[in-house]
Amino acid sequence: MSLPGRRPFPVTLSAGRVYRTSGRSRKSSLSLAGGGYLCRCRPRSCGPAEWTGRGGVGQSGCKPEARSPEAAAVRPGGGHSFLHCGRGARAPSGALSKSVLLPEGEPSCAYPGVLPAFSERRASLFFHPAAQVTAAMAFPHRPDAPELPDFSMLKRLARDQLIYLLEQLPGKKDLFIEADLMSPLDRIANVSILKQHEVDKLYKVENKPAFSSSEQLCFLVRPRIKNMRYIANLVNADKMAGRTRKYKVIFSPQKFYACEMVLEEEGIYGDVSCDEWAFSLLPLDVDLLSMELPEFFRDYFLMSHELWRKLEEEEDGETKGRRPEIGHVFLLDRDVDFVTALCSQVVYEGLVDDTFRVKCGSVDFGPEVTSSDKSLKVLLNAEDKVFNEIRNEHFSNVFGFLSQKARNLQAQYDRRRGMDIKQMKNFVSQELKGLKQEHRLLSLHIGACESIMKKKTKQDFQELIKTEHALLEGFSIRESTNYIEEHIDRQVSPIESLRLMCLLSITENGLIPKDYRSLKTQYLQSYGPEHLLTFSNLRRAGLLTEQAPGDTLTAVESKVSKLVTDKAAGKITDAFSSLAKRSNFRAISKKLNLIPRVDGEYDLKVPRDMAYVFSGAYVPLSCRIIEQVLERQSWQGLDEVVRLLNCSELAFTDMTKEDKASSESLRLILVVFLGGCTFSEISALRFLGREKGYRFIFLTTAVTNSVRLMEAMSEVKA
Amino acid sequence: MNRTKGDEEEYWNSSKFKAFTFDDEDDELSQVVNSLRDFVDDDDADDDLERVSWSISWSIKETSSNSGSNHEREQLKNRNSFSSYAQLPKPASTYSLSSFFRGRTRPGSFQSLSDALSDTSAKSYAPELGRPKGEYRDYSNDWSPSDTVRRLRKGKVCSLERFRSLQDKLQLLEEAVSMHDGNVITAVLIFLKRTLSKEILFRELEVRQVALRHLIHFLKEIGDQKLLLDLFRFLDRTEELALTHYREHLNIQDPEKRKEFLKTCIGLPFSAEDSAHIQDHYTLLERQIIIEANDRHLESAGQTEIFRKHPRKASILNMPLVTTLFYSCFYHYTEAEGTFSSPVNLKKTFKIPEKQYVLTALAARAKLRAWHDVDALFTTKNWLGYTKKRAPIGFHRVVEILHKNSAPVQILQEYVNLVEDVDTKLNLATKFKCHDVVIDTCRDLKDRQQLLVYRSKVDKGSAEEEKIDAILNSSQIRWKN
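Residues numbered from 1 in each chain as written. Chains lettered and ligands numbered in written order. Predicted model: local features only at pLDDT ≥ 70, side-chain atom pairs only at ≥ 80, totals over all residues. Heavy atoms only, no water.

As annotated in an unreviewed UniProt entry, chain B carries the name Spermatogenesis-defective protein 39 homolog and is attributed to Phocoena sinus.

The name given to chain A in an unreviewed UniProt entry is Vacuolar protein sorting-associated protein 33B, and the organism recorded there is Phocoena sinus. Quoted verbatim from the Sequence similarities (unreviewed entry) heading of the UniProt record, the comment on chain A is "Belongs to the STXBP/unc-18/SEC1 family." (UniProt positions renumbered as here; feature names shortened; annotations may be inferred.)

Given below as C-alpha cells:
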C-alpha cells in the first residue's frame with residue numbers, strides 16, 4: 001500500500017495475486033492509465049474507501065481513524081476532460097453494418113404457443129410477428145474503439161500453476177474437489193489434463209464419506225470451515241484405522257488462518273500439507289472476468305467479511321515506462337443498485353441465465369431444448385457465432401433473427417444442387433463443416449427460445465412484467481401489492497414472490513407497515529415459518545424493509561430542501577438517512593431519468609438507449625451512473641444523485657497529469673461489480689460502448705441474477 | 001509452505017515485494033537512512049517512522065539469523081531469499097533504534113511522537129528494550145504489531161504469542177483492522193479469543209465494530225453457538241440473540257425434539273410480531289405431529305377409502321401452513337371443527353384469511369373432483385333463505401383453478417357464467433371452450449359479427465353450430481352489427 005503523497009505514476013491496479021503476476025513477467029497486466037481515474041461508489045453506512053465488510057443494522061461503520069492511507073490519497077471531485085468522445089453521439093447504423101432485409105410478411109419459425117397480440121408498449125415483449133432483421137443486429141464496434149486485452153493468458157497461468165501444484169504430490173493420487181470449484185475448474189483444465197498429472201479418481205467434497213483406496217489424497221477447496229471438517233474427518237478416520245496416507249490441501253484462491261486453526265484443533269495439522277492455488281480471476285468471455293465467488297454477496301452485504309484480497313494499488317516501478325492500458329476503473333457495490341438486479345431479464349443472454357442458469361459461462365440444455373433424449377452442455381461466449389449475434393438482443397428480436405439465419409443457411413445448403421462434381425468436392429471439403437456447425441448452433445438456440453417461450457407463457461410472464469414495470473414507474477402500487485399477495489397465496493415460486501416484494505420495497509422506500517405485516521404473515525404461511533430468518537436477512541441487507549411509522553421524512557425533506565440551499569438540505573437529509581438507510585429510488589430515477597419518456601412505440605430492434613434491455617421501460621441505474629460519470633469526466637453535477645445513493649464516500653482519483661495514455665486506452669474501461677452483475681447490465685454497457693466508442697471490461701465477483709440474489713438471502717436451502 | 005527454491009525465486013521475481021531482493025537492497029537501506037534523518041529532523045513524520053521500524057526489523061532479523069544455526073538460515077532463505085542481507089554492513093544505530101520504535105506504530109489513531117514517549121508506552125516497551133540478547137534469536141518473535149500484521153497478510157506463519165499485554169493485543173487488532181484483510185483480522189481474533197477471557201474480549205470488541213462483525217461471522221462459520229449467544233447477550237442485541245437461537249432448529253431432524261426446541265424459543269425476546277410467528281410455528285409442528293401419527297396409522301390400516309384411493313406421497317411434517325391446510329382439505333374435509341386435523345380448526349387456530357382458505361380448499365376439492373364441495377364453497381344464504389354465489393377470490397380465478405384441475409365443461413361453464421366482467425367472461429369462455437357461454441354472451445351483446453367469427457371456430461355439424469345458426473336466424477334479435 002502506498003503512502004499519501006507518494007503515489008507513483010502510473011499506478012498498477014492489482015487485484016489479488018493474479019494481477020501481481022504483472023510485476024515482471026508482464027503477463028496480462030492491467031494498468032490504470034495516466035489519465036484515468038478511479039471512481040467508486042459506496043453507501044454511507046460503510047467506512048471510508050476501504051472495503052470493510054459491514055453487516056447488520058445500526059452499524060455506523062468504522063471509525064474515521066481507520067481510514068486507510070489509500071483512502072486519504074483519494075481526492076473527490078475535480079476531473080479533467082481528457083476523453084475524446086468522438087464524433088456525434090450515435091454512429092449511423094447503416095453505414096457500419098450490413099443490413100439484411102427480409103421479404104415482408106414472411107412468417108417466423110413456427111413457434112407453438114405464441115402469445116396473442118398485446119398492444120401495450122411496455123408489455124409487448126415477445127412477439128414481433130413480422131420478422132425483420134435490422135441493422136442493429138450484431139452492431140459492430142466503432143472502428144476507433146480500443147482492442148480488448150487478451151485475458152486468455154489468465155487461464156493458462158491458472159492451469160500451469162495447478163499442474164505445478166499437482167506435481168508437488170508425485171505419483172498417483174485421488175483428487176477431491178469442492179462442488180463450487182468444479183465449474184471454474186472445467187474452464188481451466190479438463191479431466192485428461194488431470195489424468196496426465198496422475199490424478200486417478202475424482203471425488204466431490206460433499207456430506208457423505210468417500211471411499212478412496214489411493215495412497216495419496218489431494219483436496220482442492222475453497223478456504224471454508226466445513227471443508228476443513230470434512231478433511232479432518234477423513235484423516236482422523238484413517239488414523240483410527242491405522243492407515244497412513246499423504247494428504248494435500250490446495251486452497252483456492254488462498255488459505256485462511258481460520259482453516260489452519262480447524263486443522264490444528266482437529267489434530268491433523270502437520271499431517272496434511274497445504275498449498276494455495278492463486279486462481280482468482282476466470283475469464284468467462286473476451287470482456288468478462290469473474291471471480292466466481294457467488295457467496296461474496298451474502299458474506300459482504302449480509303455478514304461481514306473483508307474482501308478476500310482487496311484490490312489494491314501498489315507501487316511498481318516496472319510499470320513506469322509502460323503505457324497504461326485502462327482509462328477508467330469503476331467499482332460498484334451491488335447495494336448501490338439492487339433494483340436492476342431484481343428485474344426479470346429480457347435480453348437473450350439474461351433470459352437464458354434466468355431460465356436455465358448459466359454456470360461459469362456454460363449452460364445445460366435439457367432434452368426439451370436439444371429435442372433429443374440427452375442434455376447438452378453448451379459454452380456460451382463470443383466463440384459461438386450464433387449466440388454472439390443474439391446475446392445482447394431483446395428477446396423479441398431473436399426469433400426473427402434466428403429464422404432469417406435458418407433461411408440463409410438453407411439457401412447455402414441449396415446451392416449444392418446446381419454444382420458439378422468439382423464444385424461439390426470443394427463445397428464438402430471447405431464449407432460443409434462450417435455450415436453443419438452453424439446448423440447445430442442454430443437449432444440449439446431455436447430450441448432454447450422455444451423452451452423459454454413455453455416456460456414464460458406458463459408462468460404468465462406478461463402479467464409479471466407489467467407488474468414490474470408498474471413498480472419501476474411507481475404507479476398502481478395497490479394493484480401490484482395485490483398481485484404479489486395473490487402470488488404468495490397461490491404458493492407460486494417462493495423466490496419469485498420474494499423478489500417482487502423486494503422490488504416493491506426498494507422502489508417505494510420500504511413497505512407501509514400494514515402491508516409489510518400482512519405480506520410477511522402470508523409468506524410464512526405459504527412457504528414455511530422458518531422464512532422468518534429470511535426476512536431478517538432481507539431487512540438487514542436493506543432489500544425488504546418496513547417504512548418507519550413516522551416516515552414522513554420525505555415530506556419534511558422536500559419542504560426543507562425548497563426552503564434552504566441544496567447544501568444545507570443535503571446535511572439535513574444526511575441526518576435523516578442515518579436513521580434509516582433508504583433507497584430513494586424514486587428520486588434517483590427522476591434525477592437520472594431512468595424511466596425514459598417515449599412517444600409511441602419503443603423500437604426494440606433499433607434501441608435508442610440502454611433501456612432496451614428492459615423493453616424500453618427502465619435504464620439500469622448502475623449503467624446510467626457509469627454513463628453519466630463518463631460523460632462528465634467526474635462526479636461533478638451529480639452531487640444530488642450521490643447524496644440520494646447514500647454514498648458518503650465517492651472515491652475519485654484523478655491522474656490526469658500523465659499524458660502518456662493514448663486516447664485509445666482512455667476508452668477502455670474496467671467496471672468492477674462487487675456482489676455480482678447481471679447479463680442485462682453487461683448488455684446495456686456493451687450497447688453504450690458501441691454507441692460511444694468505448695470498450696468495457698467487466699470484472700465481477702460472480703454473474704448474478706434475481707434468483708441468485710434471493711437465494712443468497714434465503715435461509716432455507718432447497 | 002512447500003515451495004522449492006526454484007519456485008520461490010519465480011514467485012518472488014514475479015511479485016512486487018522488491019524489498020526482499022538483492023537488487024533493491026541498496027535502495028531500501030538508503031531509504032532507511034534517509035528516513036532516519038527525517039525522523040531526527042521532523043517530528044511529524046509518522047509514516048516515515050513506521051517505515052523505519054519496518055525496514056529495520058528486517059535487518060534485525062538478519063542479525064539474529066546470522067548468529068543462528070545453519071538450519072535457521074536455511075529456513076530464512078526459503079522464506080525470503082533474503083540471505084544477501086548478511087553481506088551488507090549494518091548501521092550501528094539500527095539495532096537499538098528499531099527496538100526503540102517497535103510497537104510504536106499507529107494504534108489506529110495516529111500517535112504523535114510525544115504520545116509514544118509518554119509514560120504508558122515507555123512502560124510497556126521498556127522491558128523489551130532491556131531484553132537479553134538471546135531472546136532476539138527467535139526472529140519471528142521480534143515483529144512489531146504492524147510488521148506482524150504485514151507478515152500475516154502475506155500468508156506467512158507468524159507467532160502471536162509474544163503479544164501478551166492487553167495493550168499489545170489490541171494494538172495488533174487495530175493494525176489488522178486498518179489493513180482491511182478479513183483473513184488477518186480473523187487470525188488475530190482467533191488469538192484474542194484464545195488468550196482473553198470472554199468478558200474482556202467482548203468489552204473490547206464492543207468499541208471495535210469492524211472486528212466485532214468479523215468475530216460474529218467467524219463464530220457463525222465454526223458453529224460456536226454458545227459463544228455467539230453469549231456475545232449477543234453481552235451486547236444486548238436481543239433480537240439477534242433470539243433469531244440465532246431460533247435458527248438452530250433447522251439442524252434438528254427429529255420432529256419431537258424440534259418441537260421441544262421450538263417451545264424454548266417462544267419466550268425469547270423477538271419483536272411482538274415475530275413472537276406470534278414463533279408461537280404459530282410451534283403450534284403448527286405440534287399439530288402436524290398429531291396428524292401425521294394418526295394418518296400414518298389410518299393409512300397402514302387400509303380401512304379408510306381416501307387413503308386407499310390417494311395414498312400419501314410425503315409426510316406432512318415441517319410443511320408450511322398452507323400446504324397443511326391443503327392436506328387437511330384433501331383428507332379431512334368433512335371432519336368436525338373439534339378435531340385437530342379439520343380444515344376449519346386450522347383456519348381458526350391460525351387465523352387464516354378467508355381468501356387464502358377458499359383458494360386452498362378449492363384447489364384441494366377440485367383435485368378430488370368433488371364438485372359438490374366446490375359448489376358449497378361459494379354458496380351463501382342470505383337471511384331470507386335465498387342462495388347466492390359469492391367468491392372472495394373472484395370467479396375468474398375460480399375458473400382458472402378448476403380448469404387446471406381439468407374440471408368438465410359443464411362445471412366450468414357454471415362458473416364462467418358467474419364472472420362479472422363481460423370481456424373477461426368472453427375471454428375465459430373462449431379459452432376454455434365453454435361454447436354455450438360464448439354463444440349466449442354474444443347473443444346478449446347482440447354482437448352478430450363476433451358470433452359469426454365464433455361459428456367458424458366450432459366443429460362442423462356440432463350442436464354448437466346448430467345453436468349458433470338458430471340464433472343467427474332468429475328474427476327476434478336486433479343485432480347491433
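The rest of the description comes next.
Draft legend 1. Structural view of the packing of aromatic side chains. Under the counting rule described, the total for this entry stands at 24 aromatic pairs over all chains. Judged by centre distance (4.5 Å) and plane angle (25°), the ring pair of Trp277(A) and Phe279(A) falls under stacked. Owing to a relative accessible area of 7%, Phe279(A) belongs among the buried residues under this scheme. On the basis of an interplanar angle of 20° and a centroid distance of 6.2 Å, the ring pair of Phe696(A) and Phe698(A) is categorised as stacked. Taken individually, Phe696(A) and Phe698(A) each receive the classification buried, so the pair is uniform in this respect. Cluster of aromatic residues (ring-pair linked, three or more members): Phe307(B), Phe326(B), Tyr327(B), Phe330(B) and Tyr331(B). Stacked on the ring of Phe163(B), the Lys or Arg Arg162(B) has its end atom at 4.8 Å from the ring centre. Just above the ring of Tyr357(B) sits the side chain of Lys347(B); from NZ or CZ to the centre is 4.8 Å. (Phe/Tyr/Trp six-rings, centres within 6.5 Å; stacked < 30°, edge-to-face > 60°. Buried < 20%, exposed > 50% of the residue type's maximum accessible area, 1.4 Å probe, protein only. Lys NZ or Arg CZ within 6 Å of the ring centre and 35° of its normal.)

Draft legend 2. How the structure looks around the confidence of the model for chain B. Residues and elements named next belong to chain B. Mean pLDDT over chain B works out to 75, with 70% of the residues at or above the 70 mark. This model gives residues 1-138 a pLDDT under 50, and the stretch forms 187 contacts once residues within four places in sequence are excluded. Among the prediction metrics, the complex's ipTM stands at 0.74, with pTM recorded as 0.74. (pLDDT = per-residue confidence, 0-100. Contact = heavy atoms within 4.5 Å.)

Draft legend 3. A look at the packing of helix H19 (residues 494-507) of chain A against helix H21 (residues 532-541) of chain A. All names here are of chain A. Two elements in contact, H19 and H21, have axes separated by 12 Å at closest approach and are oriented at 30°. The angle between H19 and H21 falls in the class roughly parallel. Considering how the two elements wind past one another, H19 and H21 form a crossing that is right-handed. Contacts from Leu 498, Met 501 and Cys 502 in H19 reach Thr 534, Phe 535 and Leu 538 in H21. Of the residues belonging to the contact of H19 with H21, the class tally is five nonpolar, one polar and no charged. (Axes fitted to C-alpha atoms, helices over the stretch in contact; angles between N-to-C directions. Helix = DSSP H or I, 4+ residues; strand = E, 2+ residues; numbered from the N terminus. Parallel < 35°, antiparallel > 145°, perpendicular 65-115°, else oblique. Left-handed = near helix turned anticlockwise from the far one by under 90°. Nonpolar A, V, L, I, M, F, W, Y, C, P; charged D, E, K, R; others polar.)

Draft legend 4. Local environment of the environment of Ile290(B). Along the chain, the position of Ile290(B) falls in helix H16 (residues 272-301). Along the sequence, Ile290(B) and Ala336(B) sit 46 residues apart, while their C-alpha atoms lie 16 Å from each other.

Draft legend 5. Region of the structure containing the side chain of Arg334(A). Checked against the element boundaries, Arg334(A) lands in the loop between strand S11 (326-333) and helix H11 (338-342). At 3.1 Å, the side chain of Arg334(A) forms a polar contact with the backbone oxygen of Gly676(A). (Polar contact = N/O pair within 3.5 Å; in protein donor to acceptor, adjacent residues only side chain to side chain.)

Draft legend 6. Broad picture of the nonpolar core. Ranked by size, the top nonpolar core spans 155 residues in total, and within it Trp277(A), Tyr348(A), Leu543(A), Tyr618(A), Val671(A) and Phe696(A) carry the most contacts. With 11 residues, the single largest contributor to this core is helix H16 (residues 421-458) of chain A. In this structure, Trp277(A) is in contact with Ala158(A), Gln161(A), Leu162(A), Leu165(A), Leu185(A), Ile188(A), Leu220(A), Ile250(A), Phe251(A), Ser252(A) and Pro253(A), ignoring residues within four places of it in sequence. Listed in part, the 64 residues of the second largest apolar core include Ala232(A), Cys259(A), Ala176(B) and Val177(B). (Core = buried A, V, L, I, M, F, W, Y, C linked by side-chain atoms within 4.5 Å.)

Draft legend 7. Local environment of the UniProt feature "domain: Vps16 C-terminal" (unreviewed entry) in chain B. Those residues carrying the UniProt feature "domain: Vps16 C-terminal" (unreviewed entry) are residues 165-265 of chain B in this numbering. Note that residues 165-265 of chain B is 82% helix and 0% strand, and that its end C-alpha atoms are spaced 40 Å apart.

Draft legend 8. Representation of the pattern of salt bridges in the model. Residues and elements named next belong to chain A. Applying the stated criterion across every chain, the model contains 64 salt bridges over all chains. In this structure, the salt-bridge partner of Asp 285 is Arg 391, at a minimum N-O distance of 2.6 Å. Taken together, the residues span a long stretch of sequence, with Asp 285 in strand S8 (residues 282-285) and Arg 391 in the loop between helix H14 (385-390) and helix H15 (395-414) at a distance of 106 residues. You can call Arg 391 buried: its relative accessible area is 3%. In this structure, the salt-bridge partner of Lys 405 is Glu 389, at a minimum N-O distance of 3.2 Å. Note that Lys 405 is positioned in helix H15 and Glu 389 in helix H14, a separation of 16 residues in sequence. According to the relative accessible area criterion, Glu 389 is partly exposed, its value standing at 23%. What you see here is one network of salt bridges that share partners, running through Asp 285, Asp 287, Glu 349, Arg 391 and Arg 686. (Salt bridge = Lys/Arg side-chain N within 4 Å of Asp/Glu carboxyl O.)

Draft legend 9. Representation of the pairing of strand S7 (residues 272-276) of chain A in the model. Residue and element names in this part refer to chain A. In terms of residue burial, S7 counts as a mostly covered element, since five of its five residues are buried. Of the two faces of S7, the one carrying Val 272, Cys 274 and Glu 276 and the one carrying Ser 273 and Asp 275 are both buried. Both strand S6 (residues 246-251) and S7 contribute to a ladder of five bridges, which runs parallel. Along S7, the bridge assignment pairs Val 249 with Cys 274. One crossover worth recording links S6 to the parallel S7 by way of helix H9 (residues 257-265), and it is right-handed. (Pairing = 2+ DSSP bridges. Right-handed = clockwise from strand over helix to strand, strands pointing away.)

Draft legend 10. Quick peek at the environment of Ile222(B). If you trace the backbone, Ile222(B) turns up in helix H12 (residues 209-222). Note on Ile222(B): relative accessible area 11%, which makes it buried. Sequence separation between Ile222(B) and Lys193(B) is 29 residues, and the spatial gap between their C-alpha atoms is 13 Å. Apart from the residues within four sequence positions on either side, Ile222(B) is in contact with Ile225(A), Arg229(A), Met261(A) and Lys193(B).

Draft legend 11. Structural context of a positive patch on the surface. Residues and elements named next belong to chain A. A surface patch of positive charge is lined by Lys 204, Lys 208, Lys 359 and Lys 377. Here Lys 208 is to be found in the loop between strand S4 (199-205) and strand S5 (216-221). The exposure class of Lys 208 is exposed, given its relative accessible area of 51%. (Patch = residues over 30% accessible without salt bridge, like charges linked within 9 Å, V, L, I, M, F, W, Y side chains within 5 Å. Areas by Shrake-Rupley, 256 points an atom, 1.4 Å probe, with all protein chains shown as cover. Lys, Arg positive; Asp, Glu negative; His and termini not counted. Charge placed at Lys NZ, Arg CZ, Asp CG, Glu CD.)

Draft legend 12. Fine view of the confidence of the model for chain A. Scored by pLDDT, chain A comes out at a mean of 73, with 70% of its residues at no less than 70. Contacts for the low-pLDDT stretch residues 555-580 of chain A, under 50 throughout, to residues beyond four places or in other chains number 16 contacts.

Draft legend 13. A look at the pairing of S11(A). Residues and elements named next belong to chain A. The buried fraction of S11 amounts to eight of the eight residues, a majority that puts the element mostly inside the structure. Across six bridges, the pairing between S11 and strand S16 (residues 668-674) is parallel. Paired with Val 329 across the bridge in S16 is Leu 670.

Draft legend 14. Region of interest: the sheet that holds S7(A). Residue and element names in this part refer to chain A. The five strands are arranged S4-S3-S5-S6-S7 in an open sheet whose pairing can be described as parallel. A strand with exactly one partner marks an edge of an open sheet, and here the two such strands are S4 and S7. Neighbouring strand axes in the sheet, compared pairwise and without regard to direction, differ in orientation by 20° on average. In this sheet, S4 lies alongside strand S3 (residues 173-178) in parallel orientation, the contact comprising five bridges. Opposite Phe 176, over in S4, you have Tyr 203 as the bridge partner. Packing against the sheet, helix H6 (residues 179-188) makes contact with S3, S4 and S5, and its axis sits at approximately 105° to S3. Seen against the sheet, helix H8 (residues 225-240) touches S3, S4, S5, S6 and S7 and runs at an angle of roughly 170° to S5.

Draft legend 15. Structural view of helix H5 (residues 152-167) of chain A. Residue and element names in this part refer to chain A. The terminal C-alpha atoms of H5, which comprises 16 residues, lie 23 Å apart, in line with the 22 Å expected from a rise of 1.5 Å per residue. Within H5, burial applies to Leu 154, Ala 158, Leu 162, Ile 163, Leu 165 and Leu 166. For H5, the angular spread of buried residues about the axis comes to 165°, placing them on one side. (Expected span 1.5 Å × (residues − 1). Arc of directions from axis to C-beta.)

Draft legend 16. Focus on the side chain of His180(B). Among the structural elements, His180(B) can be located in the loop between helix H9 (166-179) and helix H10 (182-195). Only 3.1 Å separates the side chain of His180(B) from the backbone oxygen of Ser178(B), close enough to count as a polar contact.

Draft legend 17. Layout of the state of the cysteines. Residue and element names in this part refer to chain A. Counting across every chain of the model gives zero disulfides over all chains. The thiol of Cys 218 is unpaired, and the distance to the nearest cysteine sulfur, on Cys 274, comes to 11 Å. Owing to a relative accessible area of 1%, Cys 218 belongs among the buried residues under this scheme. (Disulfide = S-S within 2.5 Å.)

Draft legend 18. Geometry of the packing of H19(A) against helix H29 (residues 706-713) of chain A. Residue and element names in this part refer to chain A. It is at 10 Å that the axes of H19 and H29 come closest, and there the two elements cross at 95°. By the angle between their axes, H19 is roughly perpendicular relative to H29. Residues Ile 495, Leu 498, Arg 499 and Cys 502 of H19 form the contact with H29, whose own contacting residues are Ser 706, Val 707, Met 710 and Glu 711. Across the contact of H19 with H29, the residue classes tally to five nonpolar, one polar and two charged.

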